[in-house]
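Secondary and tertiary structure notes
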Amino acid sequence: MGLRQGCPLSHFLFVLCSDVLSRSLNDLVTVSALCGYQPWRHGACITHLMFADDLILVVKAISQNAQRLKKAVEDYCLQSEQRVNVQKLQLQFSGRIDPRIKQQLLCLLNIPHKEGTWNYLGLPLSCSRLSRQDFNPLFDRIYKRLDAWKWKHLSQAGCIVLLQATLNSSYIYLMTNVPIPITVLRDLEKIFKSFLWGHEPGTRKLHLLSWKVDCMDRSQGGLGIHSIRARREACMGKAATNLMWLIGNGWSISLLDDPWMSNIPISRSAMPINVDLCEEDWKVACLLGANGSWDAELVNHLFPPDIVGHILATAIPRFHCEDVFVSHIFDSKRVKVKEIWCLNVAPRVKVFRWKVCWGCLPSKVSLSSRGFVHQQTTMCDLYSSDSEDLEHCLLKSPRVTFIWNEMNQSYLQIPHFNSLVQLINFTSKNSNSNHSKSLVCYATWSIWNARNHRIFHDIRHDSLTIFVLAQQLANEFIGASTAINTTMAV
């Protein structure tokens, strides 16, 4: 009775039939009756590409090839009783073909001529290099999604989720199959950056951090957004890393094979290596003395003089801690940021805490360093003798000091913080309770919101109100999270 449409065996039957055409074209190449496309000298000769019922034929633009190719397709149609879809037929020439030869082949094959770019399996193909205009359908799809989301009503945490889950997957199919020009990547990054930082049509908004930082992994201090250029390099078989070790006790770091002095390991650098280092697996901890400082005598013995000074100047912690693999940007601050995303707080508070770690919140001092305000206007509105930097806003201001004193008296686990680094490290330690870490995060978030309400809306909150609000927000979120987890467990 034969096979009906939808039968699982119909696909295999179609492949078996198509294999007849494929073998006939290969036989013509074997006897030198057909000249296909050779990507490189002495490389394999390509005459056709097949995917389901889509077929691309590639041959040298001469009349003999056209005649034999036409006869092979006609013989296949006669044997298989299949027909060529005339509406999908297109003929394209490379740029160096003589116009007279083009006209001769068009008359012989009776196929419409297609100039410029054409699509095959959703991919733009062309005999010349692809341009920015060839990727307009990709930009149209992205803009259509942005319009549907009404993105100006989203929080920044919501923008991050949509950017990671949807927008970053819109170009993957193209990138893995065709080389995307760097100009297209720049335009895509511009759209994604504007979406992340809340640009509106016709207006500009301050980008608190560079796109490079946004695309870093969360364990390195970024937002975990996939970098378009890094993906392009990965698709091209390249690798790019910009990481190094932050020394703790030194036992997890290989002295030669891990990046700890810079983002390049010693074994891959041009410096001469002492023979003693090659005999066993040295760790950075081997260079530390009994008091926890560098063993200067051993360092001088193993390394040349120009490297000794660099090693001895490398800071090591005064307390026992684990080694951390982070971005080298964090080397000066000594903060861990990968724990941000594990905190039991709302997503918008996690994003705020991430900005605190990078020190990129738009305080007056920060805006002045970036040229947005004059140096004379960096003083605090309430306390004119102090500059309004991030530490002043969140810790050192007298009104804020009252909040932290109340926090310390009400919750003994929360200490006095002398710097932002201490505050950040407190919320990063696993030994501290989740409740106290959440309170600290909500307190800093409430303090910053109160500062913005005072500056932009002339709404003033006293310190006690801010303290009570932080407690209320933390307790509400922790209670809701506990209830959800209990329900899921049941």
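Structure shown above.
Worth saying up front: this structure is predicted, and the values here are computed from it rather than measured.

In this structure the tally under the stated criterion is three aromatic pairs. Judged by centre distance (5.6 Å) and plane angle (65 degrees), the ring pair of Phe 417 and Phe 426 falls under edge-to-face. Relative accessible area serves as the criterion here: at 12%, Phe 417 is assigned to the buried category. With relative accessibility at 6%, the residue Phe 426 sits in the buried group. Centroid distance Tyr 442 to Trp 445: 6.3 Å. Interplanar angle 85 degrees. Geometry classified as edge-to-face. A residue pair is termed a helical-turn pair when its members lie 3 or 4 positions apart in one helix, as Tyr 442 and Trp 445 do in helix H17 (residues 434-456) at three residues. Residue class for Tyr 442 comes out buried when judged on its relative accessible area of 3%.

Glancing now at the packing of helix H2 (residues 63-80) against helix H3 (residues 99-109). Where H2 meets H3, the closest approach of the two axes is 10 Å, and the angle between their N-to-C directions is 15 degrees. With respect to their mutual orientation, H2 and H3 come out roughly parallel. Crossing angle aside, the handedness with which H2 passes H3 is right-handed. Contacts between H2 and H3 pair Ser 63, Ala 66, Gln 67 and Lys 70 from the former with Gln 104, Leu 105, Leu 108 and Leu 109 from the latter. Class assignment for the residues of the contact of H2 with H3 results in four nonpolar, three polar and one charged.

Our next topic: the side chain of Glu 388. Note that Glu 388 resides in the loop between helix H13 (364-369) and helix H14 (390-396). Here the side chain of Glu 388 touches Lys 364 through a polar contact of 3.0 Å, landing on its backbone nitrogen. The contact partners of Glu 388, leaving out residues within four places of it in the chain, are Ser 363, Lys 364, Val 365, Thr 378, Met 379, Cys 380, Cys 393, Arg 451 and Ile 455.

Right, let's get into helix H1 (residues 9-30). Taking 1.5 Å of rise per residue, 22 residues should cover 32 Å, and H1 covers 32 Å from first to last C-alpha, within 8% of that figure. Looking at H1, one finds that the buried residues are Ser 18, Leu 21, Ser 22 and Leu 25. Mapping the buried residues of H1 onto a view down its axis gives an arc of 100 degrees, with all of them on the same face. For H1, exposure combined with an orientation more than 90 degrees from the buried face picks out Leu 9, Phe 12, Leu 16, Arg 23 and Thr 30. A positive phi of about 60 degrees marks Ser 32, the residue just after H1.

On to the pattern of salt bridges, then. Under the defined criterion, the tally for this structure stands at seven salt bridges. Notably, a salt bridge pairs Arg 100 with Asp 98, separated by 3.2 Å at the nearest N-O pair. Residue classification places Arg 100 among the exposed residues on the basis of a relative accessible area of 68%. Two residues, Asp 187 and Arg 132, come together in a salt bridge whose shortest N-O distance is 2.7 Å. Remark: Arg 132 occurs in the loop between strand S4 (123-125) and helix H4 (136-149) and Asp 187 occurs in helix H7 (residues 182-197); sequence separation between them is 55 residues.

A few words on the packing of H4 against H7. Axis separation between H4 and H7 bottoms out at 12 Å; the angle between their running directions is 5 degrees. When the interaxial angle is binned, H4 and H7 end up roughly parallel. Residue-level inspection shows Leu 138, Phe 139, Ile 142, Tyr 143, Leu 146 and Trp 149 of H4 in contact with H7, the latter providing Val 184, Asp 187, Leu 188, Ile 191, Phe 192 and Phe 195. Across the contact of H4 with H7, the residue classes tally to eleven nonpolar, no polar and one charged.

Backbone geometry places Ser 32, a non-glycine residue, at a positive phi of 60 degrees. On the secondary structure map, Ser 32 appears in the loop between H1 and strand S1 (48-51). Assessed through its relative accessible area of 64%, Ser 32 is described here as exposed. Of note, the phi angle at Glu 81 is positive, near 60 degrees, even though the residue is not glycine. Tracing the backbone shows Glu 81 in the loop between H2 and H3. Since its relative accessible area comes to 69%, Glu 81 is described here as exposed.

So, how was this worked out
- Residues numbered from 1 in each chain as written.
- Predicted model: local features only at pLDDT ≥ 70, side-chain atom pairs only at ≥ 80, totals over all residues.
- Heavy atoms only, no water.
- Phe/Tyr/Trp six-rings, centres within 6.5 Å; stacked < 30°, edge-to-face > 60°.
- Buried < 20%, exposed > 50% of the residue type's maximum accessible area, 1.4 Å probe, protein only.
- Helix = DSSP H or I, 4+ residues; strand = E, 2+ residues; numbered from the N terminus.
- Axes fitted to C-alpha atoms, helices over the stretch in contact; angles between N-to-C directions.
- Parallel < 35°, antiparallel > 145°, perpendicular 65-115°, else oblique.
- Left-handed = near helix turned anticlockwise from the far one by under 90°.
- Contact = heavy atoms within 4.5 Å.
- Nonpolar A, V, L, I, M, F, W, Y, C, P; charged D, E, K, R; others polar.
- Polar contact = N/O pair within 3.5 Å; in protein donor to acceptor, adjacent residues only side chain to side chain.
- Expected span 1.5 Å × (residues − 1).
- Arc of directions from axis to C-beta.
- Salt bridge = Lys/Arg side-chain N within 4 Å of Asp/Glu carboxyl O.

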